[in-house]
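Structural characterization, general
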Amino acid sequence: MIIATWNVNSIRVRLPQVLDWLAQHKPDILCLQETKVIDSDFPQADFAAFGYQAALNGQKTYNGVAILSRTAASALQTELPMLDTEQRRLLAATINGTRVVNVYVPNGESVESDKYQFKLKWLRALRSYLAQELATHRQLVLLGDFNIAPEPRDVYDPKTWEGHVLFSEPERAALRGLAETGLVDVFRAFPQPDASYTWWDYRQGGFRRNHGLRIDHILVSAPLAAYCRRCIIDKEPRGLERPSDHAPVVATFD
DNA sequence: ATGGCTTGAGTGTCAAGA
């Protein structure tokens, strides 16, 4: 089984790249973030032609998440309990007996911003939702764009980034809090190249200079982690014409 | 140095991303 996550920064713009990528990698499940379309505008027919069905939680212009899968997705959840927001950032589904929780965590803008407080609040709500889900699902994967780099080695210039949004201690503590519910960052379960990142700024040649951050993650419950054989960041699409600023992360299970 | 790209909205130029 192959499960992947990719912040595509507009499914309209990235559709040809996503279809190519599906044909190349044939994942069982691909979770998307920042689709930026309402559900009726999501190109479902294009994915159906490639053998994928789509579960959707979209909105106009901003946010929007989707789960593409070869087999049916059931028990869809689109809201975080205890959090009242119009922002479409979560989609959970059960696929082949695995609970898949796809998230697009708020960016936070800056540590001084109200949006930063909302980010922390969103993460608290996610943690309590996750505890609930883990009580009923042994095989669970929480994946997506977390907008948090866990450790200095996940940041190209950790001294400059320390304390800034995406790499501040409260955010990192919140990310550890999610893991403490019993999840494993499967990327770090395997040897990885130094300076492995999933996001590079469009400006100032960020990708060319490998000025990036590792902020997209695949966190897996222990029973499922036991079956994980591989986890990689696929940098290839980031080098294409008109790329998303994020790269896909791909986990393979026996 | 608050800029540097990209997208979506809407047809001006700005918000939002990270």
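Here is a short report on the structure shown in this document. (Residues numbered from 1 in each chain as written. Chains lettered and ligands numbered in written order. Predicted model: local features only at pLDDT ≥ 70, side-chain atom pairs only at ≥ 80, totals over all residues. Heavy atoms only, no water.)

**Looking at helix α5 (residues 169-180)**
How we decide: Put simply, DSSP marks the helices as runs of H or I at least four residues long and the strands as runs of E at least two long, and each gets a number from the N terminus on. Multiplying 1.5 Å by the residue count of a helix minus one yields the expected span of that helix. Relative accessibility thresholds used throughout: buried, under 20% of the residue-type maximum; exposed, over 50%; partly exposed, between the two (1.4 Å probe, protein chains only). Note on definitions: a residue-residue contact is assigned when non-hydrogen atoms from the two residues lie within 4.5 Å.
When the terminal C-alpha atoms of α5 are compared, their 16 Å separation across 12 residues agrees well with the 16 Å that a helix rising 1.5 Å per residue should span. Of all the residues in α5, the buried ones are Glu-171, Arg-172, Leu-175, Gly-177 and Leu-178. Its buried side turned inward, α5 meets α3 (114-136), β8 (140-145), β9 (183-185) and β12 (216-221). Just beyond α5, the residue with positive phi is Gly-182, at close to 120°.

**Looking at the pattern of salt bridges**
Here is the rule: Salt bridge, as applied in this entry: a Lys or Arg side-chain nitrogen positioned within 4 Å of an Asp or Glu carboxyl oxygen.
Counting across every chain of the model gives 12 salt bridges. As a salt-bridge pair, Asp-185 and Arg-214 come within 3.0 Å of each other at their nearest N and O atoms. Here Asp-185, found in strand β9, pairs with Arg-214, found in the loop between β11 (212-213) and β12; they are 29 residues apart in sequence, far enough to count as distant.

**Some details on the environment of Arg-208**
Looking at the element boundaries, Arg-208 is found in the loop between β10 (199-200) and β11. For Arg-208, a relative accessible area of 68% translates into the label exposed. For the pair Arg-208 and Gly-239, spaced 31 residues apart in sequence, the C-alpha to C-alpha distance is 8.6 Å.

**Focus: the sheet that holds strand β2 (residues 29-33)**
The cut-off we apply is this: Should DSSP find at least two bridges between two strands, the strands are regarded as paired. As a rule, the C-alpha atoms of each element are fitted with a line to give its axis, helices using only the stretch in contact, and angles between N-to-C directions run from 0 to 180 degrees.
Strand order in this open sheet of six strands is β3-β4-β2-β1-β14-β13, and the pairing throughout is mixed. Each edge of the sheet is formed by a strand with only one pairing partner; in this case those strands are β3 (53-57) and β13 (228-233). Pairs of neighbouring strands in the sheet enclose a mean axial angle of 15°, with direction left out of account. Pairing of strand β1 (residues 2-7) with strand β14 (residues 249-253) involves four bridges; the strand directions are antiparallel. Within β14, the residue paired with Ile-3 across the bridge is Ala-251.

**Notes on the protein's contact with DNA strand B**
Inclusion rule: In these notes, residues near a molecule or strand are those with any non-hydrogen atom within 4 Å of it. In protein, a polar contact requires one atom able to donate a hydrogen and another able to accept it; more generally it is a pair of N or O atoms within 3.5 Å, and residues adjacent in sequence count only if both atoms are side-chain atoms. Amino acids are sorted into nonpolar (Ala, Val, Leu, Ile, Met, Phe, Trp, Tyr, Cys and Pro), charged (Asp, Glu, Lys and Arg) and polar (every other residue, Gly among them).
Of all residues adjacent to DNA strand B, which total 24 residues, the nearest are Ser-10, Glu-34, Asn-107, Trp-199 and Arg-203. The contact in question runs from a phosphate oxygen of DNA strand B to an N or O atom on the side chain of His-246, over 3.5 Å. In the surface near DNA strand B, the residues fall into seven nonpolar, eight polar and nine charged.

**Structural notes on the nonpolar core**
Within soluble globular proteins, side chains that are nonpolar generally end up buried alongside one another. The condition that has to hold: Throughout, nonpolar core names a set of buried Ala, Val, Leu, Ile, Met, Phe, Trp, Tyr and Cys residues whose side chains join them through atoms within 4.5 Å.
By size, the foremost hydrophobic cluster in this structure holds 28 residues, and its most contacted members are Ile-67, Val-100, Val-141, Ile-218 and Val-220. Excluding its chain neighbours within four sequence positions, the residues that come into contact with Val-141 are Ile-3, Thr-98, Arg-99, Val-100, Val-101, Ile-218, Leu-219, Val-220 and Leu-224.

**Some details on the packing of aromatic side chains**
To keep it simple, the criterion reads: Any pair of Phe, Tyr and Trp rings, taking the six-membered ring for Trp, is counted once the centres come within 6.5 Å. Such a pair is stacked with planes under 30 degrees apart, edge-to-face with planes over 60 apart, and tilted for the rest. Only Lys NZ and Arg CZ are tested; either one counts as a charge over a ring when it is within 6 Å of the ring centre and within 35 degrees of the ring normal.
Per the counting criterion, the structure on display carries three aromatic pairs. An angle of 25° between the planes, with centres 5.6 Å apart, marks the rings of Phe-42 and Phe-47 as stacked. The class of Phe-42 is buried, set by a relative accessible area of 6%. With a centroid separation of 4.9 Å and 85° between ring planes, the pair formed by Trp-200 and Phe-207 is classed as edge-to-face. Seen from the ring of Phe-167, Arg-172 lies directly overhead, with NZ or CZ sitting 4.0 Å from the centre.

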